[in-house]
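Summary of structural features
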Amino acid sequence: FFCSHINKRTTYLDPRLAFTVEDNPVKPPTRQKYDGNSTAMEILQGHDLSGKVVIITGANSGIGFETAKSLALHGAHVILACRNTSRGNDAVQRILVEWHKAKVEAMTLDLASLQSVQHFAEAFKSKNVPLHTLICNAAVFGAPWTLTEDGLESTFQVNHLGHFYLVQLLEDVLRRSSPARVVMVSSESHRFTEIKDSSGKLDFSLLSPSKKEYWAMLAYNRSKLCNILFSNELNRRLSPHGVTSNAVHPGNMIYSSIHRNWWVYTLLFTLARPFTKSM
């Protein structure tokens, strides 16, 4: 294994490989190059992302942080869009410990407030920089029923509607920065729900249900289904303009703090983790 004399960490992957760029990149074989044990750093090996600007929502912990760190260590300018500014700044410092030259910063974004989403978009645009990748990663899971300041059920707004609004506000920047991409972090659990009524039409009452009709797991599943439907339609509309959109499933019960709202989910995740993908 390799040992870093700066932060005293050990790793089986040579950290110097993170900054290597292949002189003559070869086309990967037909067989899948990576598997469930692959890390973000391994997948990005050989890629120089200098000059690329990336926004990641919910990037102070879990999947968002690992994504932000991996992209920043490969030269991208990464903006951590976080609800808690203090935690966002702490995450920035953790990345800078890995590489002091990393271009990384935190900005405040609360998806439970459409006004906050608007302020974030305005603040980003004032920087006058391009946007090559927007990763919509932030999410809540197993949360009790609450209404946001906009009068909507919180899981639906945080997981879907806030991101929907954010993409709309930044669409012009994405188009000017093409080739660009939007990545929606969704979930396989989208398969276990429905948002149509008995006649086959969209039932809006299911998207932002009342407290009486609310079930946390179903609310999460519906929001993830909305992510995928949105991503598909966004790709159809924007791909002719050089902006692609993809929805990704990060893995079942992956190691993160998304289950923190209820001890039952924490227990379930803990028991299942030996059989799922780690960070």
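Look above for the structure.
Small disclaimer: the values here were computed from a predicted structure and weren't measured. (Residues numbered from 1 in each chain as written. Predicted model: local features only at pLDDT ≥ 70, side-chain atom pairs only at ≥ 80, totals over all residues. Heavy atoms only, no water.)

What follows is about the pairing of strand 4 (residues 77–82). Of all 6 residues in strand 4, 6 are buried; the element is thus mostly enclosed. Here strand 3 (residues 53–57) pairs with strand 4 via 5 bridges, running parallel. Among the inter-strand pairings, Ile56 is bridged to a residue of strand 4, identified as Leu80. In this view, the connection linking strand 3 to its parallel neighbour strand 4 by way of helix 2 (residues 62–72) has right-handed handedness. Here strand 4 runs beside strand 5 (residues 104–108); their pairing, made up of 5 bridges, is parallel. The residue bridging Ala81 from the neighbouring strand is Met107, located in strand 5. (Buried < 20%, exposed > 50% of the residue type's maximum accessible area, 1.4 Å probe, protein only. Helix = DSSP H or I, 4+ residues; strand = E, 2+ residues; numbered from the N terminus. Pairing = 2+ DSSP bridges. Right-handed = clockwise from strand over helix to strand, strands pointing away.)

What the rule picks out here adds up to 2 aromatic pairs. Seen from their ring centres, Phe141 and Tyr220 are 4.8 Å apart, and the 85° between their planes marks the pair as edge-to-face. With a gap of 79 residues between them, Phe141 in the loop between strand 6 (133–136) and helix 5 (154–176) and Tyr220 in helix 7 (residues 216–238) connect regions that are remote in the sequence. With respect to class, Phe141 is no different from Tyr220; both count as buried. Relative to Phe230, the ring of Phe164 lies with its centre 4.8 Å away and its plane at 50°, an arrangement referred to as tilted. With Phe164 in helix 5 and Phe230 in helix 7, the pair connects residues that are 66 residues apart, well separated along the chain. It is Arg94 that lies over the ring of Phe65; its NZ or CZ is 4.0 Å from the centre. (Phe/Tyr/Trp six-rings, centres within 6.5 Å; stacked < 30°, edge-to-face > 60°. Lys NZ or Arg CZ within 6 Å of the ring centre and 35° of its normal.)

Moving on, we come to the nonpolar core. Core analysis: the largest hydrophobic core is formed by 28 residues, its most contacted members being Ile55, Phe124, Leu131, Leu134 and Leu170. Within the residue set of this core, elements represented by two or more residues are strand 3, strand 4, helix 4 (114–125), strand 6, helix 5, strand 7 (180–185) and helix 7. When near neighbours in sequence (up to four residues on either side) are disregarded, Phe124 contacts Val53, Ile55, Ile79, Met107, Val129, Pro130, Leu131, Leu170 and Val173. Listed in part, the 21 residues of the second largest apolar core include Leu44, Ile56, Val92 and Ile95. (Core = buried A, V, L, I, M, F, W, Y, C linked by side-chain atoms within 4.5 Å. Contact = heavy atoms within 4.5 Å.)

In this section: the packing of helix 2 against helix 3 (residues 85–98). Relative placement of two packed helices is described by the angle separating their axes and the distance separating the axes. Put simply, helix 2 and helix 3 touch, their axes get as near as 10 Å, and they point 40° apart. It follows from the interaxial angle that helix 2 and helix 3 lie oblique. The handedness of the crossing between helix 2 and helix 3 comes out as right-handed. Contact with helix 2, carried on its side by Phe65, Ala68, Lys69 and Ala72, involves Ala91, Arg94, Ile95 and Glu98 of helix 3 and no other residues of that element. In terms of residue class, the contact of helix 2 with helix 3 is built from 5 nonpolar, no polar and 3 charged. (Axes fitted to C-alpha atoms, helices over the stretch in contact; angles between N-to-C directions. Parallel < 35°, antiparallel > 145°, perpendicular 65-115°, else oblique. Left-handed = near helix turned anticlockwise from the far one by under 90°. Nonpolar A, V, L, I, M, F, W, Y, C, P; charged D, E, K, R; others polar.)

Once that is clear, we can look at the pattern of salt bridges. Counted by the stated rule, this structure contains 7 salt bridges. Here Lys127 makes a salt bridge to Glu105, at a shortest N to O gap of 3.0 Å. Here the residue Lys127 occupies a position in the loop between helix 4 and strand 6, and Glu105 occupies one in strand 5, the gap between them amounting to 22 residues. Taking relative accessible area as the criterion, Glu105 reaches 22% and is therefore assigned partly exposed. The structure contains a network of salt bridges with shared partners spanning Lys125, Asp172 and Arg176. (Salt bridge = Lys/Arg side-chain N within 4 Å of Asp/Glu carboxyl O.)

Moving on to the side chain of Thr133. By the element assignment, Thr133 lies in strand 6. Among residues more than four places away in sequence, those in contact with Thr133 are Val53, Val54, Ile55 and Arg181.

Now for the side chain of Ser113. Residue placement: Ser113 occurs in the loop between strand 5 and helix 4. The class for Ser113 is buried, based on a relative accessible area of 6%. Only 2.8 Å separates the side chain of Ser113 from the side chain of Glu149, close enough to count as a polar contact. Residue contacts for Ser113: discarding those within four places in its chain leaves Glu149, Asp150 and Gln157. (Polar contact = N/O pair within 3.5 Å; in protein donor to acceptor, adjacent residues only side chain to side chain.)

Between its terminal C-alpha atoms helix 4 stretches 17 Å, which fits the 16 Å expected from 12 residues at 1.5 Å a residue. Taken as a whole, helix 4 has its buried residues at Ser116, Val117, Phe120, Ala121 and Phe124. Take helix 4 and look down its axis: the buried residues cluster within an arc of 140°, on one side only. Against the buried residues of helix 4 lie strand 3, strand 4, strand 5 and helix 5. (Expected span 1.5 Å × (residues − 1). Arc of directions from axis to C-beta.)

Geometric values such as these leave the question of function open.
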